[in-house]
Amino acid sequence: MKRYSAFAIAREGLRYHSGWERAWASPAPKKRYDAIVVGAGGHGLATAYYLGKNHGITNVAVIEKGWLGGGNTGRNTTIIRSNYLQDPSAAIYEKARSLYETMSQDLNMNVMFSPRGLIMLAQTHHEVRGYQRTAQANALQGVATEWIGPEKVKELVPIIRLDGPRYPVLGGLWQRRGGTARHDAVAWAYARACSGMGMDIIQNCAVTGIETEAGQVSAVNTTKGRIETAKLALVVAGHSSELAQMAGFRLPIESVALQALVSEPIKPAMDVVVMANTVHGYMSQSDKGEMVIGGGTDGFNNYTQRGSFHHIEETVRALVETFPMLSRLKMMRQWGGIVDMTGDRSPILSKTPVGGIYVNAGWGTGGFKSIPGSGWAMAELVAKDAPGPLAAAFGLGRFREGRFIDESVAAGVAH
């Protein structure tokens, strides 16, 4: 695999860019692999990458029923943060955030990580108390956050309205090293690195069945044939329940659509990420000038990947009170992604009732920000057949034992 660099660009420019190789290969599947990862989104590709980098397992296939990065990885609002209240959550998200810091260098591709800073607005006295508590918890966890007052919020976000009629801005939880990254580039960078290690990335290859022998996985049946393996990682977000059913067990997951939209491009107006949880909206400005806007999940289970008019109205109506300038913008496009929600709004990184099958699911609306940490922890689980410190608290057994990691209550929002 050739390295990307300024010298490479200059060299290819001199020969009319005729020497660029494909970023990753597209081979036919082999008969057998040491491990198979189902799902070529960010989490699946990161799992494969860290299997190779950290554990030396490179006879790996990543199979994807559609195209690489075509699921939730390419359908989110790209927010990166780690200011969670509960210790297990803060640990895995901070690991992910720290890996984003050096990802471009580690993977030799610019993922456009932008640590522009992130504010979670407090617009009720309950939120003030909650975020001040979170700031204290983050200090104990080694996560750099701070409570800021409304004057500082206005300094960071000049377009904000502090004295809204229903929800005035009372302050915010500020994470200076939070931010965004380019979602497609994250998937492409991991795919290129995996291919460079000799792993096979097989697109348009849907799983149709999972074979087991004596309680142990033995093979997967796909639209491109039968593939044998002793280790199978299911990393398919909203479709996790479907694959679990093929293997003969159930997951405590509901699949719902999460919608987002972008405005027409405008001149730079906001250089931080703002989350307004009371009105349930969050916003940043992309490098192209679009205002990237997201809201909550649909109130009913579904597998749609489209937007809806009522959701636009609910999200934008709430944000316009805090950001009046939004009322003058036109929407350019909207979309939806299928998110997998657990009862406590925290992920599942776990062994399953079938030997050799591991599941990485339940990230809900917080999947993109966790990609590197999720892949790091999942790779350790698959390689060692036992969870490491990052994944230990997120096993399936917690639902049976009542050890919930309830971020939906603790942090005020599960994003």
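Relevant structure appears above.
Report on the accompanying structure. Values in this document were obtained by computation on a predicted structure and should not be read as measured data.

Parameters and conventions
- Residues numbered from 1 in each chain as written.
- Predicted model: local features only at pLDDT ≥ 70, side-chain atom pairs only at ≥ 80, totals over all residues.
- Heavy atoms only, no water.
- 1 Å grid on protein atoms, 1.4 Å probe; cavity = no way out; pocket = protein on both sides within 12 Å on 5 of 7 lines; lining within 4 Å.
- Points joined across faces, edges and corners; volume = space filled by probe spheres on them.
- Nonpolar A, V, L, I, M, F, W, Y, C, P; charged D, E, K, R; others polar.
- Helix = DSSP H or I, 4+ residues; strand = E, 2+ residues; numbered from the N terminus.
- Expected span 1.5 Å × (residues − 1).
- Buried < 20%, exposed > 50% of the residue type's maximum accessible area, 1.4 Å probe, protein only.
- Contact = heavy atoms within 4.5 Å.
- Axes fitted to C-alpha atoms, helices over the stretch in contact; angles between N-to-C directions.
- Left-handed = near helix turned anticlockwise from the far one by under 90°.
- Core = buried A, V, L, I, M, F, W, Y, C linked by side-chain atoms within 4.5 Å.
- Pairing = 2+ DSSP bridges.
- Salt bridge = Lys/Arg side-chain N within 4 Å of Asp/Glu carboxyl O.
- Phe/Tyr/Trp six-rings, centres within 6.5 Å; stacked < 30°, edge-to-face > 60°.
- Parallel < 35°, antiparallel > 145°, perpendicular 65-115°, else oblique.

What follows concerns the layout of surface pockets. Taking a probe equal in size to a water molecule and rolling it over the atoms shows the remaining empty space. When its volume is computed, the second largest pocket comes out at roughly 470 Å³. Contributing to the lining of the second largest pocket are 22 residues, with T78, R182, H183, S286 and V292 lying nearest its centre. Grouping the amino acids of the lining of the second largest pocket by side-chain chemistry returns five nonpolar, 10 polar and seven charged.

Turning our eyes to something else, we now look at helix α9 (residues 309-322). Helix length check: α9, at 14 residues, gives a terminal C-alpha distance of 21 Å against a target of 20 Å (1.5 Å per residue), a fit within 8%. Every buried residue of α9 is listed here: H311, I312, T315, A318, L319 and T322. Looking at the buried positions of α9, the neighbouring elements they touch are β5 (118-122), β14 (254-263), β15 (273-276), β16 (281-285), β17 (291-297) and β18 (331-341).

The next point concerns empty space enclosed by the protein. Under the definition given, this model contains four cavities of 30 Å³ or more. Roughly 50 Å³ of internal volume is contained in the largest cavity. Taken together, 11 residues make up the lining of the largest cavity; nearest its centre are S89, Y93, R345, S346 and P347. Sort the elements by how many residues they give to the lining of the largest cavity and helix α3 (residues 87-101) lands first, with three residues.

The contact between helix α2 (residues 42-55) and helix α7 (residues 183-196) brings their axes to 9 Å, and the two run at 35 degrees. Considering the relative orientation of α2 and α7, their crossing is left-handed. Contacts from L45, A46, A48, Y49 and Y50 of α2 reach α7 at A187, Y190, A191, A193 and C194. Each residue belonging to the contact of α2 with α7 can be placed in one class, and the counts come to 10 nonpolar, no polar and no charged.

The next subject is the nonpolar core. In globular proteins that are soluble, nonpolar side chains generally tend to be buried together. L45, Y100, V186 and Y190 are the most contacted members of the largest nonpolar core, which has 52 residues in total. Secondary-structure elements contributing two or more residues to this core are β2 (35-38), α2, β3 (60-63), α3, α4 (103-107), α7 and α10 (371-384). Of all the elements, α7 adds the most residues to this core, at eight residues. Ignoring any residue separated from it by four or fewer positions in sequence, one finds V186 in contact with Y100, M103, V111, A181, F368 and I371. Of all hydrophobic cores here, the second largest spans 27 residues; its members include Y33, I202, V220 and A361.

The strands making up a sheet associate through hydrogen bonds between their backbones, and the pairing can be parallel or antiparallel. An order of β6-β7-β5-β15-β16-β17-β14-β18 is seen for the eight strands of this open sheet, with the pairing classed as mixed. Of all the strands in the sheet, the pair left with one neighbour each is β6 (146-148) and β18. In this sheet, neighbouring strand axes are inclined to one another by 20 degrees on average, regardless of whether the strands run parallel or antiparallel. Where β5 and strand β7 (residues 171-175) come together, five bridges link them in antiparallel fashion. Paired with A122 across the strands is G171, a residue of β7. Running at roughly 140 degrees to β5, helix α5 (residues 125-141) makes contact with β5, β6 and β7 of the sheet.

What follows deals with the pattern of salt bridges. A complete count under the given rule lists 22 salt bridges for this structure. We note a salt bridge from E228 to R32, for which the minimum N-O separation is 3.6 Å. Of the two residues, E228 is situated in strand β12 (residues 225-229) and R32 in strand β1 (residues 32-33); the sequence distance between them amounts to 196 residues. Classification of R32 by relative accessible area gives partly exposed; the value is 42%. Here D184 makes a salt bridge to R182, at a shortest N to O gap of 3.1 Å. Using a relative accessible area of 18% as the deciding quantity, one classes D184 as buried. A network of salt bridges, in which partner residues are shared, links R32, E211, R226 and E228.

Now for the packing of aromatic side chains. In this structure the tally under the stated criterion is 10 aromatic pairs. Aromatic side chains Y50 and Y190 sit 6.0 Å apart centroid to centroid with 70 degrees between the ring planes, which places their arrangement in the edge-to-face category. One end of the pair, Y50, is in helix α2; the other, Y190, is in helix α7, with 140 residues separating them in the sequence. Summarising the burial analysis for this pair, Y50 and Y190 share the class buried. Look at Y100 and F368: their rings are 5.8 Å apart centre to centre, the planes differ by 35 degrees, and that puts the pair in the tilted class. Of this pair, Y100 sits in helix α3 while F368 sits in the loop between β20 (357-361) and α10, placing them 268 residues apart in sequence.

Bringing the environment of G196 into the picture now. Summarising the element assignment, G196 is placed in helix α7. Taking the C-alpha atoms as reference, G196 lies 21 Å from V235; in sequence the two are 39 residues apart.

Let us look at the packing of α3 against α10. Interaxial distance between α3 and α10 falls to 6 Å at its minimum, and their mutual angle equals 110 degrees. When the axes of α3 and α10 are compared, the pair comes out roughly perpendicular. As α3 runs across α10, the sense of the crossing is right-handed. Judged by residue contacts, I92, K95, A96, L99 and Y100 of α3 engage I371, P372, G373, S374, W376 and A377 from α10. Tallied by class, the residues present in the contact of α3 with α10 amount to eight nonpolar, two polar and one charged.

For the rest of this paragraph, the subject is unusual backbone geometry. Trans peptide bonds make up the majority, and among non-glycine residues the majority have a negative phi. Located in the positive-phi region is T78, a residue other than glycine, with phi close to 65 degrees. Along the polypeptide, T78 turns up in the loop between β3 and β4 (79-80). The residue N108 is not glycine, and still its phi comes out positive at about 60 degrees. Its location among the elements puts N108 in the loop between α4 and β5.

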